Amino acid sequence: MTATDSLNAIKGTRDILPEEVAYWQWIEQAARQIFSRAAYREIRTPIFEQTELFARGIGEATDVVGKEMYTFIDKGDRSVTLRPEGTAGVVRAYIENGLHVKGSLQRLWYLGPMFRYENVQAGRQRQFHQLGMEVLGSADPRADVEVIALAVDLLNDLGLPNLRLDLNSVGTPEDRLRYRAALVDYLTPYQAELDPDSQNRLSRNPMRILDSKIAATQKIVEAAPKIWSYLAPDSQQRFERVQQQLTDLGIAYSLNPRLVRGLDYYTHTAFEIIAETGLGAQNAVGGGGRYDGLVSELGGPETAAVGWAMGLERLLLLLQQLKSAPASPLDFYIVSRSPAAEAQALRLAQALRHAGFATELDLSASAFGKQFKRADRSGAAGCLILGEAEAEAGTVQLKWLASGEQEALSQTDLLNQVETLRQRMQRSLELP
Ligand code: AMP
């Protein structure tokens, strides 16, 4: 390892450079607008929490808790973990801050970095970002449909094509006990043919075998009993209502009996959004479902809840294949030469910004020719030129970069003509 290698970003993390940030802001703005229109409010919880929260909130039997957490002992001898997902922290905040007593229902969304020690590959990082939402305090199937509809609205707003919504019901814990027994009965004779992970899961978490990515296991699973035959009539009815309401809203879905969430506090609706093209192996854009048992599992009152999370990096991969990010438009680029002109240019830049114009000041003090080249590349509507003569006369040359049209005016006039300038800028930006 060379001296510079050792200072590189840690494997599985990456910098989001300014060109890419435009895409992030695009997604964030769309999300903010769509969620607030549906009365969802943003919540921001800490990036690290007690390890115990995730062990209980996600489940010891999951890969996330079993293998992937960034856990360390802090200087006060506490075991803390960088959050691997958002729901556990939101539920803790809900309980700790008494949000359940402040209102009967909480509609919340969040966005932020998550951390999992995973094998790094395209679309899979160790620090990644999730956008997610949770409705706490409603058992109504319409809440399930509402959160799904908002996910779909966001993806449509971003213009992402070829996405598929997979839907299932995992019933109640009682439904699952019956199903689990049937599944273990079916899988046990094939035990030796299952992949090693699935063999382990057979006793610990057999439903997770259903979503194994290993071909040999998938083949065995194809003929496995489906959970639908084990749903009690109430669960079945609920599942049908969700489907009916999705259809009412014109939201297409595919039923997938192998879509499971293996933990006891997951109930009823489970769903996933898959990109059919553009993401390769890591093709899940997001997923979620109902988790009526989690709030009480974490020490709160019995609370019905439903939510989802999406991976922002994966949304970004899809967006980048589709369209270029909107550039942030620049109104003026200021070039200047000579000490007096440079001082005036600095003041002018400040005054124009205060008047609401996006203004970039060339700081190079290089020859005018070089500064003009940069002005052309900047994408600004107008270039303001201050040389020795202009500084002495208190004037400025204004060159409209699209047309090449140029005029001289006093600096005071420039600042007094804000409205006219704004209109002319509009015209100038419209030129091809
Ligand atoms: P999960 O919390 O595992 O259901 O993940 C929800 C979504 O987060 C997935 O569908 C992915 O889009 C995204 N995601 C999960 N893990 C990673 C990761 N290691 N890197 C990038 N995105 C991820």
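To be clear, the structure that these remarks concern was listed above.
Notes on the structure follow. (Residues numbered from 1 in each chain as written. Predicted model: local features only at pLDDT ≥ 70, side-chain atom pairs only at ≥ 80, totals over all residues. Heavy atoms only, no water.)

Things to note about the environment of Ala 38
- One can find Ala 38 in the loop between α1 (18-37) and β1 (41-42).
- Each C-alpha atom, one on Ala 38 and one on Val 147, is 9.7 Å from the other, the two residues being 109 residues apart in sequence.
- Among all residues touching Ala 38, those that are not within four sequence positions of it are Arg 107 and Leu 150. (Helix = DSSP H or I, 4+ residues; strand = E, 2+ residues; numbered from the N terminus. Contact = heavy atoms within 4.5 Å.)

Observations concerning the environment of Leu 165
- Note on placement: Leu 165 falls in strand β7 (residues 163-169).
- Each C-alpha atom, one on Leu 165 and one on Tyr 253, is 4.8 Å from the other, the two residues being 88 residues apart in sequence.
- When neighbours within four sequence positions are excluded, Leu 165 is seen to be in contact with Ile 148, Ile 251, Ala 252, Tyr 253, Ser 254, Phe 271, Glu 272 and Ile 273.

Remarks on the pattern of salt bridges
- One pass over the full model with this rule turns up 24 salt bridges.
- Across the pair Glu 20 and Arg 14 runs a salt bridge whose closest N-O atoms are separated by 3.0 Å.
- One salt bridge in this structure joins Glu 96 and Arg 92, with 2.8 Å as the shortest N-O distance. Of this pair, Glu 96 and Arg 92 both sit in helix α4 (residues 87-96), four residues apart, which is roughly one turn of that helix.
- Here the salt bridges share partners, and the residues they tie into one network are Asp 63, Lys 67, Asp 197 and Arg 201. (Salt bridge = Lys/Arg side-chain N within 4 Å of Asp/Glu carboxyl O.)

What about the nonpolar core?
- By size, the foremost hydrophobic cluster in this structure holds 90 residues, and its most contacted members are Phe 35, Leu 136, Leu 154, Val 285, Trp 308 and Leu 315.
- Take this core: its biggest share by element is 10 residues, from helix α6 (residues 141-157).
- Those residues in contact with Leu 136 that lie beyond four places of it in its chain are Val 90, Val 91, Tyr 94, Ser 104, Leu 105, Gln 106, Leu 108, Tyr 291, Val 295, Thr 303, Ala 304 and Ala 305.
- Formed by 21 residues, the second largest nonpolar core is a distinct cluster that contains Phe 332, Phe 357, Ala 381 and Val 396. (Core = buried A, V, L, I, M, F, W, Y, C linked by side-chain atoms within 4.5 Å. Buried < 20%, exposed > 50% of the residue type's maximum accessible area, 1.4 Å probe, protein only.)

Description of the site of the ligand
- Close to the ligand lie 13 residues, the nearest being Arg 116, Glu 118, Gln 125, Gln 130 and Val 285.
- For the ligand, an oxygen atom lies 2.9 Å from a polar atom in the backbone of Val 285.
- Gly 311 places a main-chain nitrogen or oxygen 3.1 Å from an oxygen atom of the ligand.
- Contact with the protein chains hides 84% of the accessible area of the ligand, taken as 490 Å² for the molecule alone.
- Those elements that place two or more of their residues in the shell around the ligand are β6 (127-136), β10 (284-290) and β11 (305-311).
- Top element by residues in the shell around the ligand is β10. It accounts for three residues.
- Residues that form the shell around the ligand fall into these classes: four nonpolar, five polar and four charged. (Near = heavy atom within 4 Å. Polar contact = N/O pair within 3.5 Å; in protein donor to acceptor, adjacent residues only side chain to side chain. Areas by Shrake-Rupley, 256 points an atom, 1.4 Å probe, with all protein chains shown as cover. Nonpolar A, V, L, I, M, F, W, Y, C, P; charged D, E, K, R; others polar.)

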